[in-house]
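Geometric and topological summary
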There are 2 protein chains.
Amino acid sequence: MAVYTDVSDDELRAFVALYDLGEVLACKGIAEGVENSNYLVTTEAGNFILTLYEKRVARADLPFFIALMEHLAGQGVACPTPLRGRDGRALRELCGRPAAMVTFLAGMWPRRIQPFHCAGVGRALAALHAAGASFSMRRANDLSVAGWRRLFEACAARAGEVQPGLADELAAELALLEREWPQDLPVGVIHADLFPDNVFFRDRTVSGLIDFYFACTDFLVYDVAICLNAWCFEADGSLNVTKARALLDNYRQERGLTAAELAALPLLARGSALRFLLTRLYDWLNQPQGALVRPKDPLEFLRKLRFHRRVLSSRDYGLDG
Amino acid sequence: MAVYTDVSDDELRAFVALYDLGEVLACKGIAEGVENSNYLVTTEAGNFILTLYEKRVARADLPFFIALMEHLAGQGVACPTPLRGRDGRALRELCGRPAAMVTFLAGMWPRRIQPFHCAGVGRALAALHAAGASFSMRRANDLSVAGWRRLFEACAARAGEVQPGLADELAAELALLEREWPQDLPVGVIHADLFPDNVFFRDRTVSGLIDFYFACTDFLVYDVAICLNAWCFEADGSLNVTKARALLDNYRQERGLTAAELAALPLLARGSALRFLLTRLYDWLNQPQGALVRPKDPLEFLRKLRFHRRVLSSRDYGLDG
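Comments concerning the interface of chain A and chain B
Taken together, the contact pairs 26 residues of chain A with 27 residues of chain B. Secondary-structure elements contributing two or more residues to the side of chain A that touches chain B are α1 (9-16), β1 (24-29) and β2 (37-43) of chain A. Take the side of chain A that touches chain B: its biggest share by element is six residues, from β1 of chain A. Of the residues contributing to the side of chain A that touches chain B, the split by class is 13 nonpolar, six polar and seven charged.

Here is the structure:
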């Protein structure tokens, strides 16, 4: 739940006047998303989303994100399309923060995941990867294996507050992942945060992907591993093999996975589980005084991590080979 | 900032299907309001507001609020109009809570109050009072003088945590108000919470009044006193006489104030200041663990209360007589 910055009516009117959208009719802060302040702005031209980028998003990365959304939308991916003002710019300032207006996407994100959702996400993810192949900008994944030790060290001393022995378990896991992380899998633009609240559906069909503010250049199959963790586990921590198979089969119908990618999947899934475990653990241990955001449970991803540690091959995800 | 209840896509679709609004295209939790959960629901028929009534609003009062909004809208007041489903009902259940869909109002609430805003509110308030005259239902104001002692007693022991000596000052004020509160001023439907975030403007004109969930039957001029406190003070606690005059003059152009109402205004303004001071103090001292709402400063209303205590007559509010 976000909205950190309160935009005044005067400031908003002046901002929207830079676009060809007519008069502002309404503006409501949206209680979703954690990183940025989002507003649903209704003008005479319809509904739009206004995002103010709060400090967690690096200013230097914004041109990458804006260009990526423009590129993907141009390739037919249903994602927010940045609007350009009459001056041709998509990125500007509002209330002292970088800000952009993007198109509004129809659809709702699913609360109760069913196999057809996983199938839809698999297809949409593969289409995203295909559309990204012609995107020329690059952005390193600062939340992949090279970034985890710094996060771990910031949490290790107090990790035991969350669960006794957690620091030792994470230290061993991290050492293994640093040692065995693959080097030469197919690389491209990945979303890197395609959780259910970032995927809109209309009926049973994906109608939009949002929140590209973790997107980066990394192994494509690492994005698959992230989705496996985000979509295919039940509340009790068990993998739902039907969902995993739906996700993977549908991905592979759009973009095949090489033998090397399939072989790497269990290790990448461990890595992805560790990544979300570490960032959630950090947020859990560093809640700002009076924060309006309730941090997410880091241990959800410890259960997923342990599951993947026991996996022998990608067959355990319901695949044939 | 609200949204307490998370409505799933499935539940929302089933709910909206009871109305003639076409398919749900989107639903965003709105980060405004404190009492209820509000969603901006976009359907094929346009934008609507869905409200889930949380426990602070008494179920027994909801038929009054719904009927009042219907009545006022029918009288031409720009306020949310409850939608009736195909079964004729406006009030139903969603996620175990009472819920209603209402029309979406264009406009934005003003962050930086200028005299023209106060003029607009004065006119709109008088028009609301006129439209309410033909409304037959009644609801007692449980946050008027008869309700304050209970609130005071719940806070008195810890009021000193907020400001030393506060309990004594409030006790004396409360005793005086209980003794001198008027008995026979003109009565009607009042909004009772017409703060800036409940009044939408387009350009310089009021385009909508929202949030009728404190509306009740009480002295009409008490509503004027509430608006005086809500709209006419500067951040440093001083009354802006230009704003007060704009509010009162414009109100009186639509609905005259009797000599008795004018004479009672300073005392009613003290009472209104005490009412918001007490509810904010209660919320300040009783913040739920992990609350997502930051309570408002009670002392803002202590400064206003002290101002009104020094007022000799309504002339001090900029009026001629």
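Observations concerning the environment of Asp 10 of chain B
Positionally, Asp 10 of chain B belongs in helix α1 (residues 9-16). Taking C-alpha positions, Asp 10 of chain B is 31 Å from Gly 208 of chain B, a pair spaced 198 residues apart along the chain.

Some points on the sheet that holds strand β2 (residues 37-43) of chain B
Residue and element names in this part refer to chain B. In spatial order, the strands read β1-β2-β3-β5-β4; together these five strands make up an open sheet with antiparallel pairing. On the outer flanks of this sheet lie β1 (24-29) and β4 (92-94), each paired with one strand and no other. On average, each strand axis in the sheet is tilted by 35 degrees relative to the strand beside it, whichever way the strands run. Where β2 and strand β3 (residues 46-52) come together, seven bridges link them in antiparallel fashion. Paired with Val 41 across the bridge in β3 is Phe 48.

A closer look at the domain arrangement of chain A
Residues and elements named next belong to chain A. In terms of domains, chain A is made up of domain 1 (9-103) and domain 2 (115-317). If you average the C-alpha positions of domain 1 and of domain 2, the two centres end up 27 Å apart. Domain 1 puts 19 residues into the contact, and the matching count from domain 2 is 18 residues.

Examining the relation of the copies chain A and chain B
Of the two same-sequence chains, chain A is brought onto chain B (RMSD 0.0 Å, axial shift 0.1 Å) by a rotation of 180 degrees. As the rotation angle and translation indicate, the two copies are arranged about a two-fold axis. A shared binding surface is used by both copies, with 100% of the interface residues of chain A retained as interface residues in chain B.

Focus on the sheet that holds strand β3 (residues 46-52) of chain A
Residues and elements named next belong to chain A. The sheet built from five strands is open, its strands ordered β1-β2-β3-β5-β4 with antiparallel pairing. Single-partner strands in this sheet number two, and they are β1 and β4 (92-94). Pairwise comparison of adjacent strand axes, ignoring direction, gives a mean angle of 35 degrees for this sheet. Its contacts with the sheet place α1 against β1, β2 and β4, and it is angled at close to 120 degrees to β1.

Thoughts on the pairing of strand β5 (residues 97-103) of chain A
For a regular strand, side-chain orientation follows a simple rule: the groups alternate between the two sheet faces. Residues and elements named next belong to chain A. Both β3 and β5 contribute to a ladder of five bridges, which runs antiparallel. Following the sheet pairing, Leu 52 is matched in β5 by Ala 99. Bridge analysis of β4 against β5 gives three bridges, and the strand direction is antiparallel. Residue pairing in the sheet places Leu 94 in a bridge with Arg 97 of β5. Counting the residues between successive antiparallel strands, the hairpin from β4 to β5 contains two residues, one of them, Cys 95, with a positive phi of roughly 55 degrees.

Here is what the cut-offs are and how they apply
Residues numbered from 1 in each chain as written. Chains lettered and ligands numbered in written order. Predicted model: local features only at pLDDT ≥ 70, side-chain atom pairs only at ≥ 80, totals over all residues. Contact = placed C-beta atoms within 7 Å. Helix = DSSP H or I, 4+ residues; strand = E, 2+ residues; numbered from the N terminus. Nonpolar A, V, L, I, M, F, W, Y, C, P; charged D, E, K, R; others polar. Pairing = 2+ DSSP bridges. Axes fitted to C-alpha atoms, helices over the stretch in contact; angles between N-to-C directions. Domains from an automatic or database assignment. Least-squares fit on C-alpha atoms with pLDDT ≥ 70 in both.

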